[in-house]
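Coordinate inspection notes
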Amino acid sequence: MADDEPTRAARLLDAQSKAVRLFAEIEARGLVAPGQGERAVSDRVRDLANELFGTTRHWHKRIVRSGPNTLQPYRENPPDRVIGADDIVFADFGPIFEEYEADFGRTFVLGDDPVKHRLRDDLPKIFAAGRRAYEADPDITGARLYAEVERQAANSGWRLGGWHAGHLVGEFPHESIDGADVESYITPANDTPLRRTDKAGRRCHWILEIHLIDGEREFGGFHEELLTL
């Protein structure tokens, strides 16, 4: 039997709280460090999630990217790269906690490069601006929210690194987010309201993801979490 809406919301929030703890432990244990390969870090994070929560499944591929690899959108699979001493790194994980999906991404900066630090610090600010736009417009569509995120990024001197800025999230496996189904994404082609129900009559919940890039300096950063709760 499907969970009622308050239970669904609580379980999605609980899944995210576990992801927050996971990322805090990533930082506390220094897993993102110079001299480590991206895949090796990803595997250590996988093992850490299992240690902390017994998590053995992730609903999308695990991503750790550094340096120029941070320019690449989700669907690309750049070659493994060793993290440098003055690097920028982002991690994007989708662990499943008690059959509910989390989708969480954060950016780490190693060294003192002021532009990399500024990009990392701008990520949560632009996320917050996107959330304010969502909260202020009861009828906001995927297209309108994408446009606002894009505008905020440009005002801060960055470009968006992908064709969308978020997607549906829910129980595993949630309603298909096939790339051909633009209604499942926060993207310029999605003119449907984000506040709606899915095909099963459940409230749609969304992830907002901010992928900023600096094409000239060849690096980017990433920040994502729940938008709608």
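Residues numbered from 1 in each chain as written. Predicted model: local features only at pLDDT ≥ 70, side-chain atom pairs only at ≥ 80, totals over all residues. Heavy atoms only, no water.

Next up on the list: the overall build of the protein. Helix and strand content of the protein: four helices and nine strands. Walking the protein from its N terminus toward its C terminus, one meets helices and strands in the order α-α-β-β-β-β-β-α-α-β-β-β-β. The C-alpha radius of gyration computed for the protein amounts to 17 Å, which stays within 12% of the reference 17 Å derived for 229 residues, consistent with globular compactness. Across its three principal directions, the C-alpha atoms of the protein cover 50 × 40 × 25 Å. Looking at the protein residue by residue over its 229 residues, the buried ones come to 51%. Taking all contacts inside the protein whose residues are at least 6 apart in sequence as the whole, residues at least 24 apart take part in 63%. Summed over its atoms, the accessible surface of the protein is roughly 10400 Å², and 49% of this surface lies on carbon and sulfur atoms. Counting 30 positive and 41 negative side-chain charges, the protein places the averaged centre of each group 1 Å from the other. (Helix = DSSP H or I, 4+ residues; strand = E, 2+ residues; numbered from the N terminus. Rg over C-alpha atoms; globule rule 2.2 N^0.38 Å. Buried < 20%, exposed > 50% of the residue type's maximum accessible area, 1.4 Å probe, protein only. Contact = heavy atoms within 4.5 Å. Areas by Shrake-Rupley, 256 points an atom, 1.4 Å probe, with all protein chains shown as cover. Lys, Arg positive; Asp, Glu negative; His and termini not counted. Charge placed at Lys NZ, Arg CZ, Asp CG, Glu CD.)

Turning next to the side chain of Asp-122. Secondary-structure assignment places Asp-122 in helix α3 (residues 114-136). Owing to a relative accessible area of 10%, Asp-122 belongs among the buried residues under this scheme. In this view, Asp-122 contacts Ser-156, Trp-158 and Leu-212; residues no more than four positions away in its chain are not counted.

Now for the environment of Gly-111. When you line up the elements, Gly-111 lands in the loop between β5 (104-109) and α3. Linking Gly-111 and Asp-87, residues 24 residues apart in sequence, is a C-alpha distance of 6.7 Å. Contact partners of Gly-111, with chain neighbours within four places excluded, come to Ala-85, Asp-86 and His-117.

Evaluation of the coordinates by the stated rule reveals 16 salt bridges. In this structure, the salt-bridge partner of Arg-46 is Asp-43, at a minimum N-O distance of 3.5 Å. Here Arg-46 pairs with Asp-43, and both are found in helix α2 (residues 38-53), just three residues apart, close to one helical turn. The class for Asp-43 is partly exposed, based on a relative accessible area of 31%. In this structure, Asp-137 engages Arg-144 in a salt bridge whose closest nitrogen and oxygen atoms are separated by 3.0 Å. Through salt bridges that share partners, Asp-43, Arg-46, Asp-47 and Arg-62 make up one connected network. (Salt bridge = Lys/Arg side-chain N within 4 Å of Asp/Glu carboxyl O.)

Turning our eyes to something else, we now look at the packing of aromatic side chains. The geometry of an aromatic ring pair is captured by two quantities: the separation of the ring centres and the angle between the planes. On inspection of all chains with the given rule, the structure shows five aromatic pairs. An angle of 75 degrees between the planes, with centres 6.2 Å apart, marks the rings of Phe-23 and Phe-93 as edge-to-face. Taken together, the residues Phe-23 in helix α1 (residues 5-28) and Phe-93 in strand β2 (residues 88-93) connect sequence positions 70 residues apart. Given a relative accessible area of 5%, Phe-23 falls into the buried group. Given a relative accessible area of 0%, Phe-93 falls into the buried group. A ring pair is formed by Phe-53 and Phe-97, whose centres lie 5.3 Å apart and whose planes are at 80 degrees; its orientation type is edge-to-face. With Phe-53 in helix α2 and Phe-97 in strand β3 (residues 96-97), this pair connects stretches of sequence that are 44 residues apart. Look at Phe-53 and you get partly exposed, because its relative accessible area is 22%. Ring-pair connections join several aromatic residues into one group, and the members of that group are Phe-23, Phe-93 and Phe-104. The ring of Tyr-74 carries Lys-61 above its face, with NZ or CZ at 4.9 Å from the centroid. (Phe/Tyr/Trp six-rings, centres within 6.5 Å; stacked < 30°, edge-to-face > 60°. Lys NZ or Arg CZ within 6 Å of the ring centre and 35° of its normal.)

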